[in-house]
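# Breakdown of the fold
Listed here are the chains, written in short residue letters.
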Amino acid sequence: MRTALYPGSFDPVSLGHIDLIKRAARIFDKVMVGVAQNLHKKPLFSNEERLAMLKEAVKGLERVEVVAFDGLVVDFARKHGIRVLIRGLRMISDFEYEFQMTLTNRRFAEDIETIFLMPSEQYSFLSSTLLKESAALGADISMFVPKCVEDKLKERLAR
Ligand code: ADP
């Protein structure tokens, strides 16, 4: 059985992330979506909130499982016998960071490959950071996020 791990901070999950998860689920027998717990950047949503939103957002998607992970991505992958990581490429600006991270991961774990997927063009400019900024300024972001995320963002920003 071929399993892929899609790691990220998902703060919060967007329809761009979901687009990628669906694409990966068409290629692999199982997609584990890994929600990073030890973020160096301070997230808007807690570990539990980011996890709960993702679980809600992928409800009904077959072969997709959401898990929390701590520490190095490659260590987590190895522990679960996973040899493939999924990452997303939106614009050229993603390339440098993703390139650096992939080659670093490869030095840590030569047996683990990273595969890049591109989202539908309607999400190719979308980032969680921009979503949070737009929502804070009162923009309607319903076309970019699952309903549970829209509600949660509204609730958080209303405080
Ligand atoms: P990280 O902090 O690990 O970059 P993110 O949640 O921001 O976590 O992103 C996880 C992965 O999903 C990254 O590879 C990123 O490029 C990708 N990604 C983020 N937003 C989108 C999007 N709108 N469409 C496709 N991929 C995306």
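Residues numbered from 1 in each chain as written. Predicted model: local features only at pLDDT ≥ 70, side-chain atom pairs only at ≥ 80, totals over all residues. Heavy atoms only, no water.

Let's shift gears to the site of the ligand. As a structural note, the neighbourhood of the ligand is formed by 17 residues, with Tyr-6, Ser-9, Phe-10, Gly-88 and Leu-126 the closest of them. Residue Tyr-6 places a side-chain N or O atom 2.7 Å away from an oxygen atom belonging to the ligand. Between Glu-98 and the ligand, the recorded distance is 3.1 Å, taken from a side-chain N or O atom to an oxygen atom. In isolation the ligand has 550 Å² of accessible area, and contact with the protein removes 90% of it. With respect to the pocket detection grid, the ligand is positioned in the largest pocket. (Near = heavy atom within 4 Å. Polar contact = N/O pair within 3.5 Å; in protein donor to acceptor, adjacent residues only side chain to side chain. Areas by Shrake-Rupley, 256 points an atom, 1.4 Å probe, with all protein chains shown as cover. 1 Å grid on protein atoms, 1.4 Å probe; cavity = no way out; pocket = protein on both sides within 12 Å on 5 of 7 lines; lining within 4 Å. Sits in = over half its atoms within 2 Å of the grid points.)

Glancing now at the packing of aromatic side chains. Tallying each qualifying case throughout the model produces four aromatic pairs. Taking the centre distance of 5.2 Å and the plane angle of 85° together, the rings of Tyr-6 and Phe-10 count as edge-to-face. The residues Tyr-6 and Phe-10 share a single accessibility class, namely buried. Seen in terms of ring centroids, Phe-69 and Phe-76 are 5.5 Å apart; in terms of plane orientation they differ by 40°. Their pairing is tilted. Both residues of the pair, Phe-69 and Phe-76, count as buried. (Phe/Tyr/Trp six-rings, centres within 6.5 Å; stacked < 30°, edge-to-face > 60°. Buried < 20%, exposed > 50% of the residue type's maximum accessible area, 1.4 Å probe, protein only.)

A separate point is the sheet that holds strand S2 (residues 30–36). The strand order S3-S2-S1-S4-S5 describes an open sheet built from five strands, whose pairing is parallel. Whereas interior strands pair on both sides, the edge strands pair on one side only; in this sheet they are strand S3 (64–69) and strand S5 (113–117). With strand direction ignored, the average angle separating the axes of adjacent strands in the sheet is 30°. (Pairing = 2+ DSSP bridges. Helix = DSSP H or I, 4+ residues; strand = E, 2+ residues; numbered from the N terminus. Axes fitted to C-alpha atoms, helices over the stretch in contact; angles between N-to-C directions.)

For the pair helix H2 (residues 47–57) and helix H6 (residues 147–157), interaxial distance at closest approach is 9 Å and the crossing angle is 150°. By the angle between their directions, the pair H2 and H6 is classed as roughly antiparallel. Taking contact as the criterion, the partners of Glu-49, Met-53, Glu-56 and Ala-57 in H2 are, on H6, Cys-148, Val-149, Lys-152 and Arg-156. When grouped by side-chain class, the residues that make up the contact of H2 with H6 number four nonpolar, no polar and four charged. (Parallel < 35°, antiparallel > 145°, perpendicular 65-115°, else oblique. Contact = heavy atoms within 4.5 Å. Nonpolar A, V, L, I, M, F, W, Y, C, P; charged D, E, K, R; others polar.)

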